[in-house]
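# Remarks on the overall topology
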Amino acid sequence: MTERDSTFDSTAELLGTITTRLGERLSQVRPYDVRRGRPTLVAVGHGSRDPRAAATLTHLIDRVRELRPGLDVRLAHIELNPPLLPDVLAGIAAPAPGAVLVPLLFGPGHHVKHDLPGAAAALPDGQVRIAEPLGAHPLLVEALADRLAEAGWTSADSASRSTGVVLAAAGSRDPEALAAVRRIAVALSERLGGVPVAPAYASAAAPTVPEAVRLLAARGRHRVAVASCFTAPGLFAGRAAAHAPWIAAPPLGDHPALARLILHRYDQSLTSPAASWRQLASA
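Quick look at the structure, then. (Residues numbered from 1 in each chain as written. Predicted model: local features only at pLDDT ≥ 70, side-chain atom pairs only at ≥ 80, totals over all residues. Heavy atoms only, no water.)

### Points about the sheet that holds strand S6 (residues 197-201)
Read across the open sheet, the three strands follow the order S6-S5-S7; overall the sheet is parallel. For this open sheet the edge positions go to S6 and strand S7 (223-228), each flanked by a neighbour on one side alone. The average angle at which neighbouring strand axes cross in this sheet is 30°, direction not considered. Pairing of strand S5 (residues 163-169) with S7 involves six bridges; the strand directions are parallel. (Pairing = 2+ DSSP bridges. Helix = DSSP H or I, 4+ residues; strand = E, 2+ residues; numbered from the N terminus. Axes fitted to C-alpha atoms, helices over the stretch in contact; angles between N-to-C directions.)

Dropping the structure here:
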(Lines give C-alpha, C1' and ligand atoms only; values in the text may rest on other atoms or scores of the structure.)
Protein backbone atom coordinates (compact mmCIF):
# COMPACT_ATOMS: atom_id res chain seq x y z
CA MET A 1 0.00 0.00 0.00
CA THR A 2 2.82 2.33 0.81
CA GLU A 3 4.41 1.57 -2.55
CA ARG A 4 1.14 2.27 -4.42
CA ASP A 5 0.63 5.51 -2.52
CA SER A 6 4.17 6.56 -3.34
CA THR A 7 3.63 5.79 -7.03
CA PHE A 8 0.36 7.69 -7.03
CA ASP A 9 1.97 10.70 -5.38
CA SER A 10 4.82 10.66 -7.89
CA THR A 11 2.42 10.49 -10.85
CA ALA A 12 0.24 13.24 -9.42
CA GLU A 13 3.25 15.46 -8.96
CA LEU A 14 4.35 14.75 -12.53
CA LEU A 15 0.91 15.54 -13.93
CA GLY A 16 0.75 18.67 -11.83
CA THR A 17 4.10 19.81 -13.15
CA ILE A 18 3.05 19.11 -16.75
CA THR A 19 -0.21 20.99 -16.28
CA THR A 20 1.51 23.97 -14.72
CA ARG A 21 4.11 24.21 -17.45
CA LEU A 22 1.54 23.75 -20.20
CA GLY A 23 -0.55 26.53 -18.70
CA GLU A 24 2.46 28.80 -18.58
CA ARG A 25 3.21 28.11 -22.24
CA LEU A 26 -0.41 28.56 -23.35
CA SER A 27 -0.61 31.87 -21.51
CA GLN A 28 2.16 33.11 -23.77
CA VAL A 29 0.51 32.00 -27.00
CA ARG A 30 -1.26 34.73 -28.94
CA PRO A 31 -4.59 34.11 -30.71
CA TYR A 32 -3.00 34.20 -34.14
CA ASP A 33 -0.33 31.68 -33.11
CA VAL A 34 -2.95 29.18 -31.99
CA ARG A 35 -4.86 29.24 -35.26
CA ARG A 36 -2.45 29.90 -38.07
CA GLY A 37 1.01 30.96 -36.97
CA ARG A 38 2.44 34.43 -36.78
CA PRO A 39 1.05 37.07 -39.15
CA THR A 40 3.32 39.15 -41.31
CA LEU A 41 4.45 42.47 -39.88
CA VAL A 42 3.92 45.15 -42.54
CA ALA A 43 5.57 48.44 -41.60
CA VAL A 44 3.73 51.17 -43.48
CA GLY A 45 5.55 54.38 -44.35
CA HIS A 46 4.05 57.39 -46.06
CA GLY A 47 6.34 57.51 -49.07
CA SER A 48 8.53 60.32 -50.40
CA ARG A 49 10.07 61.60 -53.62
CA ASP A 50 13.37 61.84 -51.77
CA PRO A 51 15.31 58.69 -52.75
CA ARG A 52 16.91 58.58 -49.30
CA ALA A 53 13.55 57.93 -47.65
CA ALA A 54 12.87 54.45 -49.02
CA ALA A 55 16.50 53.45 -48.45
CA THR A 56 16.34 54.64 -44.83
CA LEU A 57 13.15 52.69 -44.12
CA THR A 58 14.66 49.61 -45.73
CA HIS A 59 17.54 49.81 -43.24
CA LEU A 60 15.02 50.21 -40.42
CA ILE A 61 13.11 47.10 -41.52
CA ASP A 62 16.36 45.16 -41.72
CA ARG A 63 16.98 46.06 -38.08
CA VAL A 64 13.48 44.86 -37.13
CA ARG A 65 14.19 41.53 -38.84
CA GLU A 66 17.44 41.20 -36.90
CA LEU A 67 15.55 41.68 -33.63
CA ARG A 68 12.90 39.05 -34.49
CA PRO A 69 14.46 36.25 -36.56
CA GLY A 70 11.89 34.11 -38.33
CA LEU A 71 9.18 36.78 -38.43
CA ASP A 72 8.07 37.82 -41.91
CA VAL A 73 8.64 41.59 -41.92
CA ARG A 74 7.83 43.69 -44.99
CA LEU A 75 7.87 47.37 -45.90
CA ALA A 76 5.00 49.09 -47.68
CA HIS A 77 4.20 52.69 -48.62
CA ILE A 78 0.93 54.58 -48.77
CA GLU A 79 2.02 56.48 -51.86
CA LEU A 80 4.96 57.63 -54.01
CA ASN A 81 7.27 54.64 -53.43
CA PRO A 82 7.03 50.96 -54.27
CA PRO A 83 6.00 48.62 -52.91
CA LEU A 84 2.59 50.17 -52.31
CA LEU A 85 0.46 48.80 -49.49
CA PRO A 86 -2.23 47.13 -51.66
CA ASP A 87 0.48 45.28 -53.59
CA VAL A 88 2.13 44.04 -50.40
CA LEU A 89 -1.20 42.86 -48.99
CA ALA A 90 -2.01 41.09 -52.25
CA GLY A 91 1.08 38.98 -51.67
CA ILE A 92 -0.15 37.90 -48.22
CA ALA A 93 -3.38 36.24 -49.35
CA ALA A 94 -4.86 33.18 -47.66
CA PRO A 95 -3.87 30.63 -46.49
CA ALA A 96 -1.15 32.85 -45.03
CA PRO A 97 -1.68 33.81 -41.35
CA GLY A 98 -2.66 37.39 -42.17
CA ALA A 99 -0.88 40.64 -41.48
CA VAL A 100 -0.46 43.36 -38.90
CA LEU A 101 -0.03 46.85 -40.33
CA VAL A 102 2.28 48.96 -38.15
CA PRO A 103 2.02 52.63 -39.18
CA LEU A 104 5.37 54.40 -39.29
CA LEU A 105 3.39 57.47 -38.33
CA PHE A 106 3.23 59.33 -35.06
CA GLY A 107 -0.47 59.88 -34.53
CA PRO A 108 -3.92 58.80 -35.72
CA GLY A 109 -4.38 61.12 -38.69
CA HIS A 110 -6.04 60.61 -42.05
CA HIS A 111 -3.72 57.83 -43.20
CA VAL A 112 -4.25 55.74 -40.08
CA LYS A 113 -8.00 56.31 -39.96
CA HIS A 114 -8.82 56.01 -43.67
CA ASP A 115 -6.01 54.80 -45.94
CA LEU A 116 -4.94 51.81 -43.86
CA PRO A 117 -8.47 50.53 -43.12
CA GLY A 118 -9.31 51.00 -46.79
CA ALA A 119 -6.39 48.85 -47.84
CA ALA A 120 -7.18 46.26 -45.15
CA ALA A 121 -10.76 45.98 -46.43
CA ALA A 122 -9.47 44.35 -49.61
CA LEU A 123 -8.66 41.18 -47.66
CA PRO A 124 -11.11 38.85 -45.88
CA ASP A 125 -12.40 39.86 -42.46
CA GLY A 126 -9.98 39.18 -39.67
CA GLN A 127 -6.96 38.71 -41.91
CA VAL A 128 -5.54 42.19 -41.29
CA ARG A 129 -5.02 44.05 -38.05
CA ILE A 130 -3.87 47.65 -37.71
CA ALA A 131 -1.53 48.49 -34.85
CA GLU A 132 -1.40 51.76 -32.98
CA PRO A 133 0.73 54.56 -34.45
CA LEU A 134 4.18 55.05 -32.94
CA GLY A 135 2.89 57.67 -30.48
CA ALA A 136 4.38 59.07 -27.28
CA HIS A 137 6.12 55.89 -26.21
CA PRO A 138 9.36 55.94 -24.15
CA LEU A 139 11.16 54.11 -26.96
CA LEU A 140 10.28 56.91 -29.37
CA VAL A 141 11.44 59.52 -26.89
CA GLU A 142 14.70 57.60 -26.44
CA ALA A 143 15.29 57.73 -30.19
CA LEU A 144 14.49 61.46 -30.37
CA ALA A 145 16.83 62.27 -27.49
CA ASP A 146 19.62 60.18 -28.98
CA ARG A 147 19.33 61.92 -32.35
CA LEU A 148 19.51 65.28 -30.59
CA ALA A 149 22.66 64.14 -28.79
CA GLU A 150 24.17 63.10 -32.11
CA ALA A 151 23.54 66.63 -33.38
CA GLY A 152 25.39 68.15 -30.43
CA TRP A 153 22.94 68.36 -27.52
CA THR A 154 24.66 67.81 -24.16
CA SER A 155 23.70 67.46 -20.51
CA ALA A 156 24.82 71.06 -20.05
CA ASP A 157 22.17 72.12 -22.56
CA SER A 158 19.54 70.27 -20.55
CA ALA A 159 20.59 72.27 -17.48
CA SER A 160 20.69 75.62 -19.25
CA ARG A 161 17.92 78.19 -18.89
CA SER A 162 18.59 79.55 -22.38
CA THR A 163 17.95 76.39 -24.38
CA GLY A 164 14.78 75.07 -25.94
CA VAL A 165 13.70 72.48 -28.47
CA VAL A 166 11.26 72.58 -31.37
CA LEU A 167 9.75 69.18 -32.11
CA ALA A 168 9.18 69.30 -35.86
CA ALA A 169 6.48 67.02 -37.29
CA ALA A 170 4.67 66.73 -40.59
CA GLY A 171 1.37 68.23 -39.46
CA SER A 172 -2.26 67.22 -39.84
CA ARG A 173 -5.78 68.63 -39.81
CA ASP A 174 -6.83 65.87 -37.44
CA PRO A 175 -7.00 67.05 -33.80
CA GLU A 176 -6.06 63.58 -32.51
CA ALA A 177 -2.90 63.54 -34.61
CA LEU A 178 -1.88 66.98 -33.31
CA ALA A 179 -2.60 65.90 -29.74
CA ALA A 180 -0.28 62.92 -30.22
CA VAL A 181 2.58 65.23 -31.25
CA ARG A 182 1.94 67.44 -28.23
CA ARG A 183 2.20 64.38 -25.97
CA ILE A 184 5.48 63.44 -27.60
CA ALA A 185 6.75 66.98 -26.96
CA VAL A 186 5.82 66.74 -23.28
CA ALA A 187 7.54 63.36 -22.97
CA LEU A 188 10.68 64.66 -24.69
CA SER A 189 10.74 67.67 -22.38
CA GLU A 190 10.69 65.32 -19.38
CA ARG A 191 13.47 63.23 -20.91
CA LEU A 192 15.60 66.37 -21.34
CA GLY A 193 15.18 67.45 -17.73
CA GLY A 194 12.35 69.92 -18.19
CA VAL A 195 13.71 71.90 -21.15
CA PRO A 196 10.75 73.49 -22.99
CA VAL A 197 9.82 71.53 -26.11
CA ALA A 198 7.45 73.24 -28.52
CA PRO A 199 5.67 71.18 -31.18
CA ALA A 200 5.74 72.61 -34.70
CA TYR A 201 4.50 71.47 -38.08
CA ALA A 202 5.71 71.50 -41.67
CA SER A 203 2.19 71.70 -43.09
CA ALA A 204 -1.53 71.80 -42.32
CA ALA A 205 -1.19 73.10 -38.76
CA ALA A 206 0.36 75.83 -36.63
CA PRO A 207 2.80 76.79 -35.36
CA THR A 208 5.44 76.38 -38.04
CA VAL A 209 9.04 75.79 -37.02
CA PRO A 210 10.00 79.49 -37.33
CA GLU A 211 6.92 80.46 -35.30
CA ALA A 212 7.81 77.94 -32.59
CA VAL A 213 11.37 79.27 -32.50
CA ARG A 214 10.02 82.78 -31.90
CA LEU A 215 7.68 81.51 -29.17
CA LEU A 216 10.62 79.96 -27.33
CA ALA A 217 12.73 83.11 -27.81
CA ALA A 218 9.94 85.13 -26.21
CA ARG A 219 10.43 82.93 -23.13
CA GLY A 220 14.15 83.66 -23.04
CA ARG A 221 15.12 80.47 -24.84
CA HIS A 222 17.43 81.77 -27.56
CA ARG A 223 19.50 78.62 -28.08
CA VAL A 224 16.98 76.45 -29.90
CA ALA A 225 17.50 72.96 -31.32
CA VAL A 226 15.14 71.21 -33.73
CA ALA A 227 14.22 67.60 -33.01
CA SER A 228 13.10 65.64 -36.06
CA CYS A 229 9.82 63.77 -35.57
CA PHE A 230 10.24 62.09 -38.95
CA THR A 231 11.16 58.50 -39.67
CA ALA A 232 13.20 59.33 -42.78
CA PRO A 233 14.65 62.19 -44.83
CA GLY A 234 12.25 64.03 -47.08
CA LEU A 235 10.85 67.42 -48.02
CA PHE A 236 9.30 68.19 -44.63
CA ALA A 237 12.27 66.95 -42.60
CA GLY A 238 14.65 69.01 -44.71
CA ARG A 239 12.47 72.09 -44.49
CA ALA A 240 12.28 71.83 -40.70
CA ALA A 241 16.04 71.40 -40.34
CA ALA A 242 16.68 74.42 -42.57
CA HIS A 243 14.84 76.62 -40.07
CA ALA A 244 16.95 75.53 -37.09
CA PRO A 245 18.71 78.53 -35.54
CA TRP A 246 21.23 76.25 -33.82
CA ILE A 247 21.42 72.45 -34.22
CA ALA A 248 19.01 70.15 -36.06
CA ALA A 249 18.73 66.46 -35.28
CA PRO A 250 18.53 63.99 -38.16
CA PRO A 251 15.39 61.91 -38.74
CA LEU A 252 14.96 58.82 -36.58
CA GLY A 253 15.96 56.43 -39.36
CA ASP A 254 17.07 52.97 -38.25
CA HIS A 255 17.51 53.83 -34.58
CA PRO A 256 17.39 50.60 -32.52
CA ALA A 257 14.70 52.00 -30.19
CA LEU A 258 12.45 52.71 -33.16
CA ALA A 259 12.87 49.14 -34.38
CA ARG A 260 11.93 47.87 -30.92
CA LEU A 261 8.89 50.15 -30.88
CA ILE A 262 7.68 48.72 -34.19
CA LEU A 263 7.83 45.22 -32.71
CA HIS A 264 6.11 46.44 -29.55
CA ARG A 265 3.19 47.81 -31.58
CA TYR A 266 3.03 44.53 -33.51
CA ASP A 267 2.92 42.45 -30.31
CA GLN A 268 0.43 44.82 -28.73
CA SER A 269 -1.91 44.41 -31.69
CA LEU A 270 -1.88 40.63 -31.41
CA THR A 271 -2.99 40.74 -27.78
CA SER A 272 -5.89 43.07 -28.59
CA PRO A 273 -9.34 41.50 -29.07
CA ALA A 274 -10.18 43.93 -31.89
CA ALA A 275 -8.79 44.24 -35.40
CA SER A 276 -8.29 48.00 -34.74
CA TRP A 277 -7.24 50.76 -35.72
CA ARG A 278 -10.42 51.48 -33.79
CA GLN A 279 -11.93 48.42 -35.39
CA LEU A 280 -10.74 49.36 -38.86
CA ALA A 281 -12.05 52.92 -38.49
CA SER A 282 -15.53 51.61 -37.63
CA ALA A 283 -15.60 49.64 -40.88
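### Focus on the pattern of salt bridges
As a working rule, side chains carrying opposite charge can pair if their charged atoms are close by. Across all of its chains, the model carries 11 salt bridges by this definition. Note that Asp-50 is salt-bridged to Arg-52, the shortest N-O span being 2.7 Å. A salt bridge links Glu-176 to Lys-113; the shortest N-O distance between them is 2.6 Å. Linking Glu-176 in helix H8 (residues 175-191) with Lys-113 in helix H5 (residues 110-120), this pair joins segments that are 63 residues apart in sequence. Taking relative accessible area as the criterion, Glu-176 reaches 27% and is therefore assigned partly exposed. Accessibility expressed as a relative area gives 15% for Lys-113, which makes it buried. Members of the salt-bridge network, linked through shared partners, are Arg-63, Arg-147, Glu-150 and Asp-254. (Salt bridge = Lys/Arg side-chain N within 4 Å of Asp/Glu carboxyl O. Buried < 20%, exposed > 50% of the residue type's maximum accessible area, 1.4 Å probe, protein only.)

### Some thoughts on the sheet that holds strand S4 (residues 128-130)
As summarised here, the arrangement of the four strands in space is S2-S1-S3-S4, forming an open sheet in which the pairing is parallel. Looking along the sheet, the strands with just one partner apiece sit at the ends: strand S2 (73-77) and S4. Put simply, the sheet's adjacent strands are angled 25° from each other on average, direction ignored. Both strand S3 (residues 99-103) and S4 contribute to a ladder of three bridges, which runs parallel. Across the sheet, Val-100 pairs through a bridge with Arg-129, a residue of S4.

### Focus: the side chain of Arg-265
Mapped onto the secondary structure, Arg-265 falls in helix H11 (residues 256-270). The buried charged residue Arg-265 lacks any salt bridge partner; its closest oppositely charged side chain belongs to Glu-132, at an N-O distance of 6.3 Å. (Lys, Arg positive; Asp, Glu negative; His and termini not counted.)

### Quick look at H8
When the terminal C-alpha atoms of H8 are compared, their 24 Å separation across 17 residues agrees well with the 24 Å that a helix rising 1.5 Å per residue should span. Restricting attention to buried positions, one finds in H8 the residues Ala-177, Leu-178, Ala-179, Ala-180, Val-181, Ile-184, Ala-185, Ala-187, Leu-188 and Ser-189. Those residues of H8 hidden inside the fold are in contact with helix H6 (138-151), S5, S6 and S7. Residue Asp-174 occupies the N-cap position of H8, its side-chain oxygen lying 2.8 Å from the main-chain nitrogen of Glu-176. After H8 finishes, the residue Gly-193 shows a positive phi value of roughly 85°. (Expected span 1.5 Å × (residues − 1). Contact = heavy atoms within 4.5 Å. Polar contact = N/O pair within 3.5 Å; in protein donor to acceptor, adjacent residues only side chain to side chain.)

### So, the packing of H6 against H8
Packing of H6 against H8 leaves a shortest axis separation of 10 Å and a crossing angle of 60°. Between H6 and H8, the angle is such that the two are oblique. Both H6 and H8 take part in a crossing whose hand is right-handed. Within the contact between the two elements, H6 uses Leu-140, Val-141, Glu-142, Leu-144, Ala-145 and Leu-148 and H8 uses Ile-184, Ala-187, Leu-188 and Arg-191. Along the lines of polarity and charge, the residues of the contact of H6 with H8 split into eight nonpolar, no polar and two charged. (Parallel < 35°, antiparallel > 145°, perpendicular 65-115°, else oblique. Left-handed = near helix turned anticlockwise from the far one by under 90°. Nonpolar A, V, L, I, M, F, W, Y, C, P; charged D, E, K, R; others polar.)

### A closer look at the pairing of strand S1 (residues 40-45)
Moving residue by residue along a regular strand, the side chains alternate between the two faces of the sheet. Of all six residues that make up S1, six are buried, and the element is covered over most of its length. Alternating positions in S1 separate into two faces, Thr-40, Val-42 and Val-44 on one and Leu-41, Ala-43 and Gly-45 on the other, with burial throughout. In this structure, S1 lies alongside S3, joined through five bridges in parallel fashion. Across the sheet, residue Val-44 finds its bridge partner in S3, namely Pro-103. The pairing of S1 with S2 spans five bridges and is parallel. Looking across to S2, one finds that Val-44 is bridged to Ala-76. Taken together, S1, helix H3 (residues 51-67) and S2 form a β-α-β motif whose crossover is right-handed. (Right-handed = clockwise from strand over helix to strand, strands pointing away.)

### Here's the deal with unusual backbone geometry
Cis geometry is adopted by the peptide bond preceding Pro-83, which originates at Pro-82 and carries an omega value of -5°. Take Pro-83: it is sitting in the loop between S2 and helix H4 (85-90). With an omega of 5°, the peptide bond running from Ala-206 to Pro-207 counts as cis. In this structure, Pro-207 sits in the loop between S6 and helix H9 (209-217). Even without glycine at this site, Leu-80 takes up a positive phi of about 75°. Among the secondary structure elements, Leu-80 is positioned in the loop between S2 and H4. For Leu-80, a relative accessible area of 41% translates into the label partly exposed. For Ala-204, which is not a glycine, the phi torsion comes out positive at approximately 70°. Mapped onto the elements of the fold, Ala-204 is located in the loop between S6 and H9.

Bear in mind that shape data such as this cannot, by itself, settle questions of function.
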